[in-house]
Amino acid sequence: MKSKRCLIAFMTVAFALAGVLSGHAAQRGSGSASRGSYQARPASSASRSSYGGSRANAGSYGSVRQSSAQSRSYSGASRSSYPSRPAAPQQKSFNNEQYGSVRQANRASGAQPSYNRQATGPAGGTYTDKGRASVDNGKASYNREITGPHGESISSEGRATVDNGKASYNREITGPGGESISTSGKATVEDGKVKYNREITGPGGESIETSGKATVEDGKVKYNREITGPGGESISSSGRATVDDGTVKYNREITGPGGESITSSGSGSITGTAFSQGAVGRVGAVGAVAPVGTVPRVGAVPAVPAVPRIGAVVPALPTGAAAVTVAGASYYTFGGRYYRPSYVNGAWNYAVIAPPIGATVYVEPAGAAVRVIDGVTYYIVEGTYYRRSFVNGMVSYLVVANPE
Amino acid sequence: MVGRLFRIALSAVLLMFIAAPARSQAAPRKPAIDPEADAVLRQMSDSLKGAQSAIFRVADTIDDVQADGRKIQYAHVRELTVQRPNKLKVETRGDVTNRTVWMDGKTLTVYDKDKNVYAEIPEPGTIDEAVDMLQDKYNLSLPASDLLCADVYKSLTEGCGAIEYVGLGYVGEEKCHHLAFTADTIDYQLWVGAGDKPGPRKIVITYKRLPGQPQYTMQLLKKEDPSGIKDSVFEREIPNGAEKIEIQPVAKTE
């Protein structure tokens, strides 16, 4: 459970980075032959009986016992313990059918994720939004350009890395007049503790710094955060939340530059699949993931994973919500729920909707009723119809229109 | 579970960057091929090209990289029966996948034994066309398909940046030529029998762009005499009660 929470915290950081970035750039391979330790080649094929002399020392491999001993001698301490064993293969959603063919992998290698969208503005002008991204062994980069109807453009580019619980990113946005805003940040996650700092620098060199810490342990979360403006003025906030037997309680204090403070507290309960708000509490109030285009609160405390009812509107997403595109439309999803963002009266809200047609899950939806209609088997959960289908080579459950 | 969540997190990072990933084909380029490697590769390819039919049994493994970097390895055994240009049967058994693919010249059928479901793709064309179509249209990899294509030399060199002759090495007790390939998203190694039967013995593919750089390893277990292959081998055998389902094409959103 603890490792799961730690992972959720890690995902918070990942999503924070994802929120910061919004596309990624192509990273090309070197194109040259790899030069590992198998360098030397024999003088001629006729005379050689083995590899050249400068190969890796084959005698250094092949024994778990000896490798473990070497590892201990390097570090002087045993390695940190691993989380519990993963699920048995039969229960996994690992997609084995994405591997194993050079021809197919090389064929797909030109597939740098990219997009090019057009939209019509309120006054009828055409806006284009295009970008490219790549993810390579935990390193992501992107670039993106939005061009308005009169040719004015905003471009942004950024990079992010995630390595062993440490994340860092930087991003630069350049406006139509060449003015730029840059952002950089770092975050670490270790044993349920999250730390981050971030700096945003404006066109004139003015900067805003933010730093924070959060811990998650046995259903109790704590955080504190400080934002420092260009003139040194600061706003700090701290809070706690607990989850106990389905009841969530939190309190928070925000202190302004002059020492003035605002406190808030609340509680809520989780019953069945619905999260009923308490008198004061607000779903996701502590540690929400920000909407696309804004910067998520990296150090905020992960929210309690509530499962709101379909039809509800919540002011924030649960921590860990993933952005997905289904049939060209953007949603967030978490815990089997889909959230459709809308911007109303200057604030983002999220309508909890039934899984959209075209959405896919890789395991049978929990609690599904099975019905055969016109010879086709449907899996029905809360009025949503799923049909089995091969998707990316895996037998999956695809949301389809109500066939009745 | 942790691995799955990690993948979800990484997928989400990617998805938040872009709403509409699109695929495009890599421009063909001429790889820098070591002449010695080229000779081995051509000899192997010619030996496979000459055979109109073949029966291979291979064992393979694939790494499932966990969130903490550990690699969990899954294993499969595959039996491939080929009759060029358009008949094929690939039977897979193992840790994750238990399925059979048939091509009878008219239809490609994928049957998932664990879920007892199958899907059909009409008119898949030749084996080469089917392998490409499965990748391009359905994002479905056919492991070991590198042994199936009509021109193995072309399959292994197209999209590749460089090929190096590493030396003579061993696969089990057999001495083999060891080649190393470099491409944009993968590196791969091939071992080719150094004796009078210059066929492929082992291939290792490293997915160097993926977190943890998972490796796929396939080793030839057995090559059988194909002279007795009957057409009925390629006719699908779907058990009673199996459900026919659809196979979804890759979304084209650009």
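Residues numbered from 1 in each chain as written. Chains lettered and ligands numbered in written order. Predicted model: local features only at pLDDT ≥ 70, side-chain atom pairs only at ≥ 80, totals over all residues.

1. What to know about the overall build of chain B
Formally: The numbering of helices and of strands both runs from the N terminus, where a helix is a DSSP run of H or I of at least 4 residues and a strand a run of E of at least 2. Counting other C-beta atoms within 10 Å of a residue's own tells you its class, since 20 or more makes it buried, 12 or fewer makes it exposed, and anything in between is partly exposed; those C-beta atoms are placed from the backbone. Any residue pair is listed as a contact if its two C-beta atoms, each placed from the backbone, are within 7 Å.
When helices and strands are tallied, chain B shows 4 helices and 14 strands. Split into buried and exposed, the 254 residues of chain B put 48% on the buried side. At a minimum sequence separation of 6, the contacts of chain B that also span at least 24 residues come to 50%.

2. Focus: the environment of Q213 of chain B
Mapped onto the elements of the fold, Q213 of chain B is located in the loop between β11 (200-207) and β12 (215-224). For the pair formed by Q213 of chain B and K71 of chain B, sequence separation is 142 residues and the distance between their alpha carbons is 9.6 Å.

3. Looking at the confidence of the model for chain A
Residue and element names in this part refer to chain A. What counts, and what does not: For every residue, the predictor reports its confidence as pLDDT, a number between 0 and 100.
Scored by pLDDT, chain A has a mean of 69; 61% of the residues are at 70 or more. The model gives residues 1-49 a pLDDT under 50, and that stretch makes 145 contacts with residues more than four places away or in other chains. This stretch, residues 270-305, has a pLDDT under 50; its non-local contacts, to residues over four places away or in other chains, come to 115 contacts.

4. Thoughts on the pairing of strand β9 (residues 220-228) of chain A
Look at any regular strand and the pattern is simple: side chains alternate between the two faces of the sheet. Residues and elements named next belong to chain A. Put simply, the test is: Two strands are counted as paired when DSSP detects at least two bridges linking them.
Looking at chain direction, strand β8 (residues 207-217) and β9 are connected through 9 bridges and run antiparallel. From the neighbouring strand, T215 faces β9, where its bridge partner is K222. Note: β9 against strand β10 (residues 234-244), 9 bridges, orientation antiparallel. Bridging from a neighbouring strand, Y223 pairs with G239 of β10. Counting the residues that bridge the hairpin from β9 to β10 gives 5 residues, and of these G232 lies at a positive phi of roughly 90°.

5. Structural notes on helix α3 (residues 127-138) of chain B
Convention followed: The length a helix should cover is 1.5 Å for every residue beyond the first. Within this analysis, the arc is defined by the directions that extend from the helix axis to the C-beta atoms.
Between the first and last C-alpha of α3 of chain B there are 15 Å, a value that for 12 residues agrees with the 16 Å anticipated at 1.5 Å per step. If you check which residues of α3 of chain B are buried, you get I127, A130, V131, L134, Q135 and Y138 of chain B. Summarising the axial view, the buried residues of α3 of chain B lie within an arc of 130°, below the 170-degree limit, and thus occupy one face. If you follow the buried residues of α3 of chain B, they end up packed against α3 (102-108) of chain A together with β3 (71-83), β4 (87-94), β5 (99-104), β6 (107-112) and β14 (246-247) of chain B.

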